[in-house]
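# Coordinate inspection notes
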Amino acid sequence: MYLEKTTWPHVAAYLEKGGDFAVLAVGSLEEHGRHNPLGTDNIAPNLLLDLMDERLYDQILIAPTVSYGNCDDLVGFPGTLTIGYDLLRDLVARITDQLFDYGVRRFLIVNGHGPNIKPLSEVCESLNRRGALAGLANWWLMAGELNPAWGGGHGGAEETAAVMAADPSLVDTSAYGPMDLVNDISDELPTDGWSNVLFEGAHVGFPRDAVRFFGNGWIGPDDPTKADPEWGTQMMQGVAGCLVDLVGAMQRAPLPKPMPVRTYRAWAGHAMGSDAGEKGGEA
Ligand SMILES: [Zn+2]
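The shown structure was predicted, so the numbers you read here are calculated from the model rather than taken from an experiment.

### Looking at the packing of helix α2 (residues 40-56) against helix α6 (residues 157-166)
- Running from N to C, α2 and α6 cross one another at 60°; their axes reach a closest spacing of 9 Å. Taken together, the axes of α2 and α6 are oblique relative to one another. Regarding α2 and α6, the two cross each other, and that crossing is left-handed. Two secondary-structure elements touch here, α2 through T40, I43, A44 and L47 and α6 through E159, A162, V163, A165 and A166.

Following this line, the structure appears as C-alpha cells:
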C-alpha cells in the first residue's frame, strides 16, 4: 500500500499485525538522451512499484519515491538536477530510520540510477548492522540478467522501452539520433564509454562532466530506435515478478543479528579470534 494514499490507522493496523516490510524507490532527474524524459529513472521504478502493489497490496508499505539522485556528472544538460552523494545517502537514511522506528525491519530499495548504488549501499549496510534486512534492487541490471535481450545502457533501448511501457507518449521518437560521443580530450585519448577513453586497447577513466563528451546523452550498446512498448511491458512485468518473489523470500528470511560495527566479522560467525573486535572487522 502506498503511504501517500492510505491513512495512519491503516498503517498502524499493518504494523500491529506484524507487518514489517517497506519498499522505497530511488531515482534521479537527469538527461537520458534527446528522446527520453528527464524523469526516466523515476518513471521506470514507479511502474515496477505499481505492478508490485497490485500483487502485494496489504503486505508492503510503499514510501514516496525519492525522485532526485546522485548525478553530478550530468549537470550541464538543462533540467538535470542532482542532490549529490552525501545528501542522497542522508535523505534515504533519514527516511528508512523513521520506518525502522515504526517497526519496519525489511527494506527493499528499488533503484533506477547507477551512481545511486554506492550511497544506497551505505544505507543498507547501516540498516543491516542494526538488525534489518535491506535489499538493493537495481532494476535495469536485474533486467539484463533475467533476460540478456533486455539489458542496456543509459537512455538506450532498455530504458526507452521501460518509459514506453509506462506511457509511450513520453518518448520523443522524432528526436532519435546517434550516440554522438565527442573526443573532447585529444585524438590520442578518444572517448569510449562513460567517462572512459580507450588507450592502447585498454580503458582508462577520465572522470569529468558528461556534457563534455556526450553529443546526445544516451550511451550503450542498445540503440534506442530498437525499443518498443512490447519489449518494455514484457521486461517490466518480468522484473516486477522477480521483485514480488524477492519480497516473499525476504519475508521468509530470518532477520540479521544486530551487531556493533567493529566486531561484525565475529558476529557473522567467521573465525577471527577473540581480538577481532579490537582489530576491526573489515580487512
Ligand atoms: Zn537511467
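### A short note on the pairing of strand β6 (residues 202-205)
- In this structure, strand β5 (residues 196-199) lies alongside β6, joined through four bridges in antiparallel fashion. Bridge pairing links V197 to V204 in β6.
- Taking the residues between adjacent antiparallel strands as the criterion, β5 and β6 are bridged by two residues, where E200 takes a positive phi near 50°.

### Brief notes about the confidence of the model for the chain
- In the predicted model, the chain carries a mean pLDDT of 93, and 92% of its residues have values of at least 70.
- Note on residues 271-283: pLDDT is under 50 here. Beyond four places in sequence and across chains, it has 14 contacts.

### Points about the nonpolar core
- A22, V23, L48, V110 and V239 are the most contacted members of the largest nonpolar core, which has 57 residues in total.
- Apart from the residues lying within four places of it in its own chain, the contact partners of L48 are V110, W139, M236, V239, A240 and L243.
- In terms of nonpolar packing, the next biggest core, distinct from the first, is built from seven residues, C71, L74, W218 and I219 among them.

### Quick look at the sheet that holds strand β1 (residues 21-26)
- Strand order across the open sheet formed by four strands is β2-β1-β3-β4, with parallel pairing between neighbours. One side of each edge strand has no neighbouring strand; the edge strands of this open sheet are β2 (61-66) and β4 (133-138). Each strand axis lies, on average, 15° off the axis of its neighbour in the sheet, ignoring direction.
- Packing against the sheet, helix α3 (residues 84-102) makes contact with β1, β2 and β3 (106-111), and its axis sits at approximately 165° to β2.
- Where helix α7 (residues 229-252) meets the sheet, it contacts β1, β3 and β4, and its direction lies at approximately 160° from that of β3.

### Focus on unusual backbone geometry
- For D180, which is not a glycine, the phi torsion comes out positive at approximately 60°.
- Its location among the elements puts D180 in the loop between α6 and β5.
- Look at E200: it is not a glycine, yet its phi comes out positive at around 50°.
- For E200, the position within the fold is in the loop between β5 and β6.

### Things to note about α2
- For α2, which comprises 17 residues, the first-to-last C-alpha distance of 24 Å matches the rise-based estimate of 24 Å (1.5 Å per residue) to within 8%.
- Buried within α2 are the following residues: T40, D41, N42, I43, A44, P45, L47, L48, L49 and M52.
- Lining the buried residues of α2 we find β1, β2, β3, α5 (139-146), α6 and α7.

### Overview of the environment of G131
- Looking at the element boundaries, G131 is found in the loop between α4 (117-129) and β4.
- Considering only alpha carbons, one finds G131 and E31, 100 residues apart in sequence, at a separation of 37 Å.
- Ignoring any residue separated from it by four or fewer positions in sequence, one finds G131 in contact with R105, L255, P256, K257 and P258.

### As for the packing of α6 against α7
- As a packed pair, α6 and α7 sit with axes 7 Å apart at the nearest point and diverge in direction by 85°. In this view, α6 runs roughly perpendicular relative to α7, as classed from their interaxial angle. For the pair α6 and α7, contact is made by A161, A162, M164 and A165 and by P229, W231, G232, T233, M235 and M236, respectively.
- In the contact of α6 with α7, the residues fall into eight nonpolar, two polar and no charged.

### Side note on the environment of W218
- Examined against the element boundaries, W218 turns out to sit in the loop between β6 and α7.
- As a C-alpha pair, W218 and P178 span 40 residues in sequence and 8.6 Å in three-dimensional space.
- Dropping the residues within four chain positions of it, W218 is found in contact with H32, G33, H154, G155, G156, M179 and P224.

Reading the values: rules and limits
- Residues numbered from 1 in each chain as written.
- Predicted model: local features only at pLDDT ≥ 70, side-chain atom pairs only at ≥ 80, totals over all residues.
- Axes fitted to C-alpha atoms, helices over the stretch in contact; angles between N-to-C directions.
- Helix = DSSP H or I, 4+ residues; strand = E, 2+ residues; numbered from the N terminus.
- Parallel < 35°, antiparallel > 145°, perpendicular 65-115°, else oblique.
- Left-handed = near helix turned anticlockwise from the far one by under 90°.
- Contact = placed C-beta atoms within 7 Å.
- Pairing = 2+ DSSP bridges.
- pLDDT = per-residue confidence, 0-100.
- Core = buried A, V, L, I, M, F, W, Y, C linked by C-beta atoms within 7 Å.
- Buried ≥ 20, exposed ≤ 12 C-beta atoms within 10 Å, placed from the backbone.
- Expected span 1.5 Å × (residues − 1).
- Nonpolar A, V, L, I, M, F, W, Y, C, P; charged D, E, K, R; others polar.

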